[in-house]
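Now for the letters of each chain:
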Amino acid sequence: MKVFNCTHCGQLLYFENSHCEQCGYNLGFQSEFLQLLPLVENEDGTMNIYMNDATSYRYCANHEYGICNWLVDASGNHSYCQACQLNRTIPDLSKPEYFRRWKVIENAKHRLIYSILRLGLSVIPKHQEPGTGLSFDFVSDEGLDDEEKILTGHDNGLITLNIAEADDIEREMTRRAMDEVYRTVLGHFRHEVGHYYWNRLIDGTKYLDEFRKLFGDERQDYGEALKVHYNQGAPAGWNLEFISSYASTHPWEDWAESWAHYLHIVDTLETAFSFGLSIQPGLPKFSKNLVANITDDPYRLEDFDSMLNLWLPFTFAMNSVNRSMGQPDLYPFVIRPKVINKMRFIHNVCYQGNRQAVDETA
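Note that the coordinates shown come from a computational prediction; the quantities given were computed from them, not determined experimentally.

By the definition in use, this model includes 32 aromatic pairs. Measuring from ring centre to ring centre gives 6.4 Å for Phe 4 and Tyr 114, while their planes differ by 75 degrees; the resulting arrangement is edge-to-face. You can see Phe 4 sitting in strand 1 (residues 4-5) and its partner Tyr 114 sitting in helix 1 (residues 96-118), a full 110 residues away along the chain. Residue Tyr 114 is classed as buried on the basis of its relative accessible area, which comes to 0%. Three or more aromatic residues joined by ring pairs form one cluster here, namely Tyr 196, Tyr 197, Trp 198, Tyr 207, Phe 211, Phe 215, Tyr 222, Trp 252, Trp 255, Trp 259 and Phe 345.

Here it is as structure tokens:
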């Protein structure tokens, strides 16, 4: 996520800000240009962007709950923004704990959609395109029997998220039970949307043969693969070929895990780029591989290896900072050569698709 600033007064802003504390202007996120901008209110309740009267806007209907600062065209037919239109089911907001969890979920989901839009990928809700669209169900299994428990997952563009994942204690208990080193709400979103974009970008396309060479044949029985994984665990030496033990379950899961980590990399490096971070360790000459000047927007880098050459020094530095604070590593993973090949493939697919979309609209 890049750093935003108020174009009225220059104040640095967080992506979620709806109000500039320095100049007092309300703020709104314009998804078309991916900008967080100060707003001037009109007499009819609509708003214009400061110093720009071309288009009038309203806040997304979910702004009233304090969970969305995105804008919608006041002349359009939608009450909800591009991100909130994707919601099919939300929790019972009359329950304070459910409302709190929903806010955590929405913050993560909006960051996900920002990344998807920056990659130039299509984001179309299922109510517009039932067969190929994307939607979310945020639901609780509180009070249900064990066999009725809600599992986070993906089904033909419908992503279901158990809202318990937004509770820090519940999520940590699950992480420990599943022997995971990392588990976040945003990480869940990135993984599950990876399944969706496999359908959109790989299945039935020119990339399918290369996918099978790198990830394996997805036509193997998925249900049986899950049973084997949960009964027997990951195969010996899994870390030489996969980014996580779960990625070894099935080619679809390998893709989704690799996709999630690709989004981790590109979005975190965008933050580092926005801050102009530079890694210059004051160590002996053997640390030369840990030098990095993050001067390029990762979303615009054509070469994935250039991105990776920034990522490794950056995560080494940030892991060291976290350890100094007594915290777990920011990025507790080792990216092996076979995993690099998979991420390079994902980057090439996204980059070429984005370039084609730009060419078609030029």
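What follows covers the environment of Ala 177. By the secondary structure assignment, Ala 177 is in helix 2 (residues 168-177). Look at Ala 177 and you get exposed, because its relative accessible area is 69%. Between the C-alpha atoms of Ala 177 and Ala 272, which are 95 residues apart in sequence, the distance is 33 Å.

What follows concerns the sheet that holds strand 10 (residues 153-155). Judged by pairing direction, the sheet is mixed, and its four strands sit side by side in the order 8-9-11-10 without closing on themselves. This sheet does not close on itself; its edge strands, each paired only once, are strand 8 (87-89) and strand 10. Each adjacent strand pair in this sheet contributes to an overall mean axis angle of 25 degrees, direction not counted. Bridging between strand 8 and strand 9 (residues 135-139) involves two bridges; their strand directions are parallel. Its bridge partner being in strand 9, Thr 89 is matched across the sheet by Asp 137.

The next thing to look at is the pairing of strand 9. With five of five residues buried, strand 9 lies mostly within the body of the structure. Neither face of strand 9 is left uncovered, since the one carrying Ser 135, Asp 137 and Val 139 and the one carrying Phe 136 and Phe 138 both have all their residues buried. In terms of handedness, the path from strand 8 via helix 1 over to strand 9 forms a crossover that is left-handed. Examined bridge by bridge, strand 9 and strand 11 (residues 158-162) share five bridges and lie parallel to one another. Note that in strand 11 the partner of Ser 135 across the bridge is Leu 158.

Ranked by internal contacts, the top residues of the largest apolar core, which has 83 residues, are Ile 202, Trp 259 and Ile 335. Among the elements that make up this core, the one with the highest residue count is helix 1 (nine residues). Core analysis: the next-biggest nonpolar cluster, separate from the first, contains seven residues, Leu 37, Leu 39, Met 47 and Tyr 59 among them.

This part takes up the sheet that holds strand 4 (residues 35-41). In a beta sheet, neighbouring strands are held together by backbone hydrogen bonds and run either parallel or antiparallel to one another. Taking strand neighbours across the sheet as the criterion, the five strands line up as 3-4-5-6-7 in an open arrangement whose pairing is antiparallel. Pairing within the sheet leaves two strands with one partner each, and these edge strands are strand 3 (26-30) and strand 7 (71-73). Across this sheet, the average inter-strand angle for adjacent strands is 55 degrees, counted without regard to direction. Strand direction decides the pairing type here: strand 3 and strand 4, joined by five bridges, are antiparallel. Residue Leu 27 lies in a different strand from strand 4, and its bridge partner there is Pro 38.

Here we come to the environment of Leu 240. Inspection of the secondary structure puts Leu 240 in the loop between helix 5 (222-232) and helix 6 (251-274). In this structure the C-alpha to C-alpha distance between Leu 240 and Ala 292, which are 52 residues apart in sequence, comes to 26 Å. Filtering out sequence-adjacent residues up to four positions away, Leu 240 remains in contact with Arg 336 and Lys 338.

Okay, the side chain of Ser 258 next. Residue position: Ser 258 is located in helix 6. Residue classification places Ser 258 among the buried positions, given a relative accessible area of 0%. Contacts of Ser 258, omitting those with residues within four sequence positions, involve Phe 215, Ile 243, Lys 342, Met 343 and Ile 346.

Moving on to the pattern of salt bridges. Overall, the coordinates contain 23 salt bridges when judged by the stated rule. Salt-bridge contacts for Arg 212 lead to Asp 217; the nearest nitrogen and oxygen are separated by 3.9 Å. Given the relative accessible area of 22%, Arg 212 is considered partly exposed. Since its relative accessible area comes to 31%, Asp 217 is described here as partly exposed. Of the charged contacts in the structure, one is a salt bridge between Glu 218 and Arg 212, with a shortest N-O distance of 2.7 Å. Connected through salt bridges with shared partners, the residues Glu 97, Arg 100, Arg 101 and Asp 167 form a single ionic network.

Counting buried residues along strand 11, five of its five residues qualify, which places the element largely inside the surrounding structure. Residue alternation in strand 11 divides its side chains into two sets, Leu 158, Thr 160 and Asn 162 and Ile 159 and Leu 161, and both sets are buried. Across three bridges, strand 10 lies against strand 11 in antiparallel orientation. Counterpart to Gly 153 in the pairing with strand 11 is Thr 160.

What counts as what
Residues numbered from 1 in each chain as written. Predicted model: local features only at pLDDT ≥ 70, side-chain atom pairs only at ≥ 80, totals over all residues. Heavy atoms only, no water. Phe/Tyr/Trp six-rings, centres within 6.5 Å; stacked < 30°, edge-to-face > 60°. Helix = DSSP H or I, 4+ residues; strand = E, 2+ residues; numbered from the N terminus. Buried < 20%, exposed > 50% of the residue type's maximum accessible area, 1.4 Å probe, protein only. Pairing = 2+ DSSP bridges. Axes fitted to C-alpha atoms, helices over the stretch in contact; angles between N-to-C directions. Right-handed = clockwise from strand over helix to strand, strands pointing away. Core = buried A, V, L, I, M, F, W, Y, C linked by side-chain atoms within 4.5 Å. Contact = heavy atoms within 4.5 Å. Salt bridge = Lys/Arg side-chain N within 4 Å of Asp/Glu carboxyl O.

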